[in-house]
Amino acid sequence: MKPIYLDHAASTPVHPEVAEVIMKVMTEQFGNASSVHMVGRSAKKIMSGARDAITSRLGCSPDEWIFTGGGTESDNLALFGAAYSRKGGHIITTAIEHHAVLHACEELEREGYSLTYLPVDRTGRVALKDLEAELRDDTFLISVMLANNEVGTVQPIEEIGRLAREKGILFHVDAVQALGSIPISLHSLPVDYMSFTAHKINGPQGIGGLYVRRGLPLHPRLHGGLQERGRRAGTENLAGAAGFAKAVELAIEGQAGRHEEALALRRRLLETLNQGIGPDAYRINGNAMHGLPHITNISFPGVRTDVMLMNLDMEGIAASSGSACTSGSLEISHVLRAMNLPDDQLSSAIRFSTGLGNTTEEMEHVARKIETILNRLRTKE
Ligand SMILES: Cc1ncc(COP(=O)(O)O)c(C=O)c1O
């Protein structure tokens, strides 16, 4: 059997139609979109076509979109961009954000801004009352992700956004994992900044975007040319932008179908696990009601995450943990820790994330291999 890739939350295979668009741009267009001659104008047309295609599907205006180098850059641009437009003040975020947000916030804290990291419940969800309790007179920015990349939990961003609007506080949302899974219509959401990336939706790596509601402050991170209306200097990534636009088109058009497919894949995985090892041999980490369909985070208490991942890898199955491996020891994920899970659940969590190309047969195979691995490890004890 060919390797089974169940790490689509980390990065996804480029869709063949996206690759085709990228190849065409790469081989036929090489101009600098800032050049005034026809080659430059042709490049500029590619950029504005991509911008129009993305913003019309996300429900915002073309001038509210900034192409970036990916989700990390979008998050940093939003946070530093909003913070540097004023002096000092209080920012609220959550303990389960991606490091692109968390580490940026820690840096802002070192620079003198005041930070609050909201707790989450056992399913990874933020409570509005906790946010309300932390609001201060000098709170100027709230940053909460739309859906978590490790456990898939979806946050109540409309309620949070409404509260932020009421109080006149800027609201940033990291929608990197949610794009293509949750319908997004920017002008009908109470959101001021929203981060995206192409490589989680079968687009190319190294290109992303940031929505900035018209008229809002945004101090640039990169200084140079006047690209992206002076908000992100640097020659544009033509092929990346065109590929991103195609990926957004496919992701949004195919959203409903993919949702059903993802649920069917998860169902088959869990059904086969139930038949093999039984429902008491594992725990699902996340929120059953408010979750992304393609991310299933499962703990197998008694089997360390790194041991399970290595055994899965030997069976040709690529899954992941949310944890970072530093010098051979596995750090417990900050997300699972914030969820206050029992120790044996923390140390044995595996993230399975499905996507383009996965089949129910593969899921059955994976569940059977997990059973084999668990039996093998047990006989070794
Ligand atoms: C929620 C979230 N935010 C931000 C990022 C960073 O995006 P990129 O890899 O495009 O820099 C990721 C990627 O894993 C993510 O899952």
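Residue indices follow the written sequence of each chain, beginning from 1 at its first position. Totals for whole chains, interfaces and linings use all residues, but because this is a predicted model, local features are given only for residues with pLDDT of at least 70 and pairs of side-chain atoms are given and counted only at 80 or more. Side-chain numbers here rest on the full set of heavy atoms in the structure, without hydrogens or water.

Labelled according to an unreviewed UniProt entry, the protein appears under the name cysteine desulfurase, originating from Paenibacillus forsythiae. UniProt positions are given in the numbering used here, feature names are shortened, and annotations may be inferred rather than shown by experiment. Entered under Catalytic activity (unreviewed entry) in the UniProt record, the comment concerning the protein runs "(sulfur carrier)-H + L-cysteine = (sulfur carrier)-SH + L-alanine".

(A) Seen up close, the sheet that holds strand β10 (residues 295-299). The criterion for strand pairing is that DSSP finds at least two bridges linking the strands in question. By the criteria applied, helices consist of DSSP H or I runs no shorter than four residues and strands consist of E runs no shorter than two, each listed in order from the N terminus. Across the sheet, three strands lie side by side as β9-β10-β14; this open sheet has antiparallel pairing. Of all strands in the sheet, those with a lone pairing partner are β9 (283-285) and β14 (349-353), marking the two edges. In this sheet, adjacent strand axes meet at a mean angle of 35° when their direction is disregarded. Against the sheet, helix α9 (residues 255-276) makes contact with β9, β10 and β14, and its axis sits at roughly 20° relative to β10, the strand it touches most. Fitting a line to C-alpha atoms yields each axis, with helices limited to the stretch in contact; the angle taken between N-to-C directions then spans 0 to 180 degrees. The contact rule is simple, with two residues in contact once any of their heavy atoms fall within 4.5 Å.

(B) Main features of the nonpolar core. Put simply, a nonpolar core is a bunch of buried Ala, Val, Leu, Ile, Met, Phe, Trp, Tyr and Cys residues held in one set by side-chain atoms that sit within 4.5 Å of each other. Using a 1.4 Å probe on the protein chains alone, a residue whose accessible area is under 20% of its type maximum counts as buried, one over 50% counts as exposed, and one in between counts as partly exposed. If you look at the biggest cluster of nonpolar residues, it comprises 66 residues, and the most contacted ones within it are Ile184, Met194, Phe196 and Phe244. Looking at this core, the elements that each hand over two or more residues are α1 (16-28), α2 (38-58), β2 (65-68), α6 (157-167), β6 (170-174), β7 (193-197), α8 (238-253) and α11 (334-338). Element by element, the count of residues in this core is highest for α8, at ten residues. Two domains share this core, each providing at least three of its residues, namely domain 1 (4-12 + 255-380) and domain 2 (16-253). Apart from the residues within four sequence positions on either side, Phe244 is in contact with Ile54, Trp65, Phe67, Leu179, Phe196, Thr197, Ala198, Ile201, Pro204, Ile207, Gly208 and Gly209. Counting residues in each nonpolar core, the second largest holds 25 residues, with Leu269, Val366, Ala367 and Ile370 among its members. All domain edges in this entry derive from an automatic or database-based domain assignment.

(C) Molecular detail of the environment of Ile373. Tracing the chain through its elements places Ile373 in helix α13 (residues 360-380). The buried category is assigned to Ile373, whose relative accessible area is 0%. In this view, Ile373 contacts Met308, Asn311, Leu312 and Glu315; residues no more than four positions away in its chain are not counted.

(D) Seen up close, the pattern of salt bridges. The term salt bridge refers to a side-chain nitrogen of Lys or Arg lying within 4 Å of a carboxyl oxygen of Asp or Glu. Tallied over the entire structure, the rule returns 19 salt bridges. Where Arg57 meets Glu253, a salt bridge forms, and the shortest distance between an N and an O atom there is 3.9 Å. Within this pair, whereas Arg57 is found in helix α2, its partner Glu253 is found in helix α8, the two being separated by 196 residues in sequence. Given the relative accessible area of 57%, Glu253 is considered exposed.

(E) Spotlight on the domain arrangement of the protein. When its domains are assigned, the protein resolves into domain 1 (4-12 + 255-380) and domain 2 (16-253). With 28 residues of domain 1 at the contact, the number on the domain 2 side is 35 residues. Reported buried area values correspond to the accessible surface (1.4 Å probe) lost by two parts on association, with both partners' losses combined. Counting each side, the surface lost to burial between domain 1 and domain 2 is near 2,600 Å², with a carbon and sulfur contribution of 47%. A per-residue breakdown of the area domain 1 buries against domain 2 is headed by Gln255, Leu292 and His334, which together make up 25% of the total. Linking domain 1 to domain 2 there are zero salt bridges.

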